[in-house]
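Observations on the model geometry
One letter stands for each residue in the lines below.
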Amino acid sequence: MPAPTAMPVGPDITVVDRRWNRAIRHPVRLVTRAVNAALDATGNQGPVTVVLADDLTVRRMNWRHRGRNKPTNVLTFEYAPAHTPGAIWGGDIIIAFETLAREARAAGRSMAAHLAHLVIHGVLHLAQYDHHHPGEAREMEMEEARLLSTLGFANPWKPGRMATARGARS
């Protein structure tokens, strides 16, 4: 009988756009903490890949996979359905630098806080959370706020904060 394959320790993170390293102190460390917090909260194992990209990359992927020719803040792609019993789920999360920076500025949040939020948002999508209906959205928002607080970030859903995480699922 073959030995079970070990799951990778932590997420696989690629910084495609170097501006992430100038705009956020230790972005890889922050992404790792956010992914691990969300994985622990959902009881899932991953694997999770996070790509810190730019608007052009995300726009092209959004067009190719969703037919929308514009960038979005986060795209999430699942590897395997989480509802399959015994399946190891995981996926890719791709985040657009310029869109994240613009949204963080408009909401009066730090880029680090918004990055942590979008990473958690993406991992929750991989764990089958969604926000198409008000009840689902409220549940997802509450979990995002709870996880962000464990990382030391304020609740983004309080009045005066950004009202939506306009992320996309594929």
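Everything below is about the structure printed above this text.
Keep in mind that this is a model prediction, so the values were computed, not measured. (Residues numbered from 1 in each chain as written. Predicted model: local features only at pLDDT ≥ 70, side-chain atom pairs only at ≥ 80, totals over all residues. Heavy atoms only, no water.)

With that settled, consider the pattern of salt bridges. All told, the structure shown has five salt bridges when counted by the stated rule. Among the salt bridges present, the one from R19 reaches D17, with a minimum N-O distance of 2.6 Å. In this structure D17 comes out as buried when scored by relative accessible area, which is 10%. As a salt-bridge pair, R138 and E141 come within 3.7 Å of each other at their nearest N and O atoms. Residue R138 and its partner E141 are both found in helix α6 (residues 134-150); the two are separated by three residues, about one turn of the helix. When salt bridges that share partners are traced, they join D17, R19 and E98 into one network. (Salt bridge = Lys/Arg side-chain N within 4 Å of Asp/Glu carboxyl O. Buried < 20%, exposed > 50% of the residue type's maximum accessible area, 1.4 Å probe, protein only. Helix = DSSP H or I, 4+ residues; strand = E, 2+ residues; numbered from the N terminus.)

Where helix α2 (residues 27-42) contacts helix α5 (residues 111-126), the two axes come as close as 9 Å, and the packing angle between them is 35°. Crossing hand, α2 versus α5: right-handed. The segment α2 lies against α5, with L30, V31, A34, V35, A38, L39 and T42 engaging A112, L115, A116, V119, I120, V123 and L124. Each residue belonging to the contact of α2 with α5 can be placed in one class, and the counts come to 13 nonpolar, one polar and no charged. (Axes fitted to C-alpha atoms, helices over the stretch in contact; angles between N-to-C directions. Left-handed = near helix turned anticlockwise from the far one by under 90°. Contact = heavy atoms within 4.5 Å. Nonpolar A, V, L, I, M, F, W, Y, C, P; charged D, E, K, R; others polar.)

This part covers the nonpolar core. As a rule of thumb, soluble globular proteins bury nonpolar side chains together. Core analysis: the biggest nonpolar cluster contains 38 residues, and V48, I95 and L115 have the highest contact counts within it. Of all the secondary structure elements, the ones that give two or more residues to this core are α2, β2 (48-53), β4 (91-96), α4 (97-107), α5 and α6. It is α5 that provides the largest number of residues to this core, a total of ten residues. In contact with I95, other than residues within four places in its own chain, are W20, V51, L52, A53, D54, V58, N73, V74, L100, L115, L118 and V119. (Core = buried A, V, L, I, M, F, W, Y, C linked by side-chain atoms within 4.5 Å.)

Turning to the pairing of β4, a few remarks are in order. A regular strand places its side chains so that they alternate between the two faces of the sheet. Counted residue by residue, β4 has five buried out of six residues, so it is predominantly covered. As paired elements, β2 and β4 share six bridges and run parallel to each other. From the neighbouring strand, A53 faces β4, where its bridge partner is A96. Relative to β4, strand β3 (residues 74-78) is paired through five bridges, and the arrangement is antiparallel. Opposite T76, over in β4, you have I93 as the bridge partner. (Pairing = 2+ DSSP bridges.)

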